[in-house]
Amino acid sequence: MNADTFLALFTPTGWLFVGVTGVLVLASSIAAVLKWRVAHGAPHAVIDNLTSRINAWWIMVGAIGVAFLFGKNGVVALFFLISFHALREFLSLAYTRRGDHTAMAAAFYVALPMQYFLVWTEWYGMYSIFIPVYAFLLLPILAATGGDTQRFLERASKVQWGLMVSVFCISHVPALLTLPVIGFEGRNMLLIAFLVIVVQGSDVLQYIWGKLLGKHKVAPVLSPSKTWEGLIGGVASATLLGAALHGITPFSPLQAAGMALLICLMGFFGGLVMSAIKRDRGVKDWGSMIEGHGGMLDRTDSVIFAAPVFFHAVRYWWVP
Amino acid sequence: MEPEGSAPRRLLAALARLTIVTGAGLITGLRSLWSRTGPTANQTVYFANHTSHGDFVLLWAALPPDLRTLTRPVAGEDYWNTSALRRFIGRDVFNALMIRRDASAAGPSSGDPLAQMGAALTAGDSLIIFPEGTRNTSEAVLLPLKNGIYHLARSFGHVRFVPVWIENLKRVLPKGALLPVPLACSVRFGEPLELIPQEDKQRFLQRARQALLDLRPEYDREADPAPPAPPSEPSSRETQTPGSGA
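Predicted model only: the values in this text are computed from it and were never measured. (Residues numbered from 1 in each chain as written. Chains lettered and ligands numbered in written order. Predicted model: local features only at pLDDT ≥ 70, side-chain atom pairs only at ≥ 80, totals over all residues.)

Peer 1: Now, about the overall build of chain A: what can you tell me, with residues and values included?
Peer 2: Regarding its fold elements, chain A presents twelve helices and zero strands. Going residue by residue from the N terminus, the α and β elements of chain A occur as α-α-α-α-α-α-α-α-α-α-α-α. For a compact globule of 320 residues, the expected C-alpha radius of gyration is about 20 Å, and chain A comes in at 20 Å, within 12% of that figure. Seen through its principal axes, chain A has C-alpha atoms that stretch 60 × 50 × 40 Å. When burial is assessed residue by residue, chain A has 42% of its 320 residues classed as buried. A fraction of 68% describes how many contacts in chain A between residues 6 or more apart in sequence connect residues 24 or more apart. (Helix = DSSP H or I, 4+ residues; strand = E, 2+ residues; numbered from the N terminus. Rg over C-alpha atoms; globule rule 2.2 N^0.38 Å. Buried ≥ 20, exposed ≤ 12 C-beta atoms within 10 Å, placed from the backbone. Contact = placed C-beta atoms within 7 Å.)

Peer 1: Account for the overall build of chain B, with residues named and values stated.
Peer 2: Per the secondary structure count, chain B includes eleven helices and seven strands. Taking all contacts inside chain B whose residues are at least 6 apart in sequence as the whole, residues at least 24 apart take part in 68%.

Peer 1: Report on the confidence of the model for chain B, specifying residues and quantitative values.
Peer 2: Close inspection of predicted coordinates is inappropriate in any region flagged by low pLDDT. All names here are of chain B. The share of residues in chain B with pLDDT of 70 or more is 83%, and the mean pLDDT across the chain is 82. Contacts for the low-pLDDT stretch residues 223–246, under 50 throughout, to residues beyond four places or in other chains number 21 contacts. Under the prediction, the complex receives an ipTM of 0.82, its pTM being 0.85. (pLDDT = per-residue confidence, 0-100.)

Peer 1: Go over the sheet that holds strand β7 (residues 186–189) of chain B, please, and point to the residues and values.
Peer 2: Residue and element names in this part refer to chain B. On the basis of which strands lie adjacent, the open sheet formed by seven strands has the order β1-β7-β6-β2-β5-β3-β4 and mixed pairing. Every interior strand has two partners, whereas the edge strands, β1 (31–33) and β4 (97–99), have only one. Looking at each pair of strands side by side, their axes are set apart by 25° on average, direction ignored. Running over the sheet, helix α6 (residues 113–122) touches β3 (71–76), β4 and β5 (126–129) and is turned about 165° from β4. (Pairing = 2+ DSSP bridges. Axes fitted to C-alpha atoms, helices over the stretch in contact; angles between N-to-C directions.)

Peer 1: Describe the interface of chain B and chain A, listing the residues and the values that go with them.
Peer 2: Frequently, the measure chosen for interface size is the accessible area that the parts lose on association. Contacts between chain B and chain A engage 14 residues on the former and 16 residues on the latter. At four residues, helix α10 (residues 218–223) of chain B tops the list of elements feeding residues into the side of chain B that touches chain A. Across the side of chain B that touches chain A, the residue classes tally to nine nonpolar, two polar and three charged. (Nonpolar A, V, L, I, M, F, W, Y, C, P; charged D, E, K, R; others polar.)

Peer 1: Could you give an account of the nonpolar core, naming the residues involved and the relevant values?
Peer 2: Counting residues in each nonpolar core, the largest one holds 135 residues, and the members touching the most others are Ala 107, Leu 195, Ile 263 and Ala 307 of chain A together with Leu 58, Leu 59 and Val 164 of chain B. Looking at which element gives the most residues to this core, the answer is helix α9 (residues 189–213) of chain A, with 13 residues. If sequence neighbours within four positions are ignored, Ala 307 of chain A has contacts with Cys 169, Ile 170, His 172, Val 173 and Leu 195 of chain A. (Core = buried A, V, L, I, M, F, W, Y, C linked by C-beta atoms within 7 Å.)

Peer 1: Can you explain the packing of helix α11 (residues 253–281) of chain A against helix α12 (residues 296–318) of chain A? Please cite residues and give values.
Peer 2: Residues and elements named next belong to chain A. Where α11 meets α12, the closest approach of the two axes is 7 Å, and the angle between their N-to-C directions is 135°. With respect to their mutual orientation, α11 and α12 come out oblique. The handedness of the crossing between α11 and α12 comes out as right-handed. Contacts between α11 and α12 involve Met 259, Leu 262, Ile 263, Met 266, Gly 267, Phe 268, Phe 269, Gly 270, Gly 271 and Met 274 from the former and Leu 297, Asp 301, Ser 302, Val 303, Ile 304, Phe 305, Ala 306, Val 309, Phe 310 and Ala 313 from the latter. Residue composition of the contact of α11 with α12, by class: 15 nonpolar, four polar and one charged. (Parallel < 35°, antiparallel > 145°, perpendicular 65-115°, else oblique. Left-handed = near helix turned anticlockwise from the far one by under 90°.)

Given below as structure tokens:
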């Protein structure tokens, strides 16, 4: 490691990764101790699930870390791949017919790369309407030319929704890099870090609070594991976490808490909506790509709903 | 059984095999799901649903590499023998067993498909067959199975007959489409099907068909508009049990 690389660790982003790595080391150590003390090295459903979740976290933090090293190109490329996997999971489970083939091909081969190209060129006026206007009109046109009217509206809206959640919403994470926040130039990566840490932290904290105190179910039909105790405890502590992270953001502590609360709530409702879609289709997980985490959409459902709202809140209040 | 041919042709075939298998895996995010029995090197006939020309490629790619070399797809000569490229892919790349599907109409001859498959099984090959007999381009989930699989099971009691369900491939590349859509596909291998002594043909075919249908993922069974099920009980497993009094 040369001096420059070493110094790079002491940027705010570097410190953040040191901190996150520390948390993961702690989590892995706790899991190892539990495995040794409670399970005595034998297979144990809860502890093994915890271990595989933590291992998946290592992979995710590693992927984001590598992307950050490559700057904007790395981040856009990483979220392009995330969107691709999310769209594949979504459309693989959607009911479609022969007549939707062209529309699906257009979603994968035109809309997906185009959206990320527009984000990469930082053309806000186009990437913020390209999918909801142009793709949403073009896709049903392609489906209609297939001439098959059976369950047409359902099929057309499924391809549209697939693009909306998997591509449009997720692309607002790298789009955070394009926001010219005054006095925050060159540090926009930290907005991504703030969003991801708060949203995913909220998921983890809701899980922990729910395991410790959970009694009253919030949404027994949609998500039997979610409880009021977990929701309130998790969102409150993730809001405090957001406030504590205000130093890496352009926000004051109170503003950071407000932003954290907003994205936690959007994340929670995002999880509910995505689980309603899964239940409608009769599956428990979107896929099985990440061991212990289901598919890409299972991991990103809360980020999906939080990202565009966070993006526009920052843009409205912090971009002149 | 290794395919014959000159060394450059075999090298080209190996490269094409690697490209096709890797490409199929990338495009479809291929997942192989095995039953408790898992993959074994015992001689096996894999029988699968057939909705796409890519079916045998995907099933073949879903096998562990060491089993691939032991396993030959059974392919219709009328399709795979019609151009030099198809012949190369069929014979050289995948070492397919070419059968004449119209042979029975022309009367028993040396080109009898059952005799050809029997010879390959006697030689020790494992086979991939599609017992619907033809590609299913209809709305039905599965066409009725042809008799051939029953005769093979009768004659080759020591061979395992493993049902395989190929999911989604029809949507990746439907008939007439040129561009594959990268939807996720899985290949599910079931428990081997044993021929019960004195079991008649209809009963065995019914069980083989049901073994295939049971491998469908849960969500596919609910969304399936084709099989007529009583309104009270949507599970096809219960309604098709022989002797249930229905």
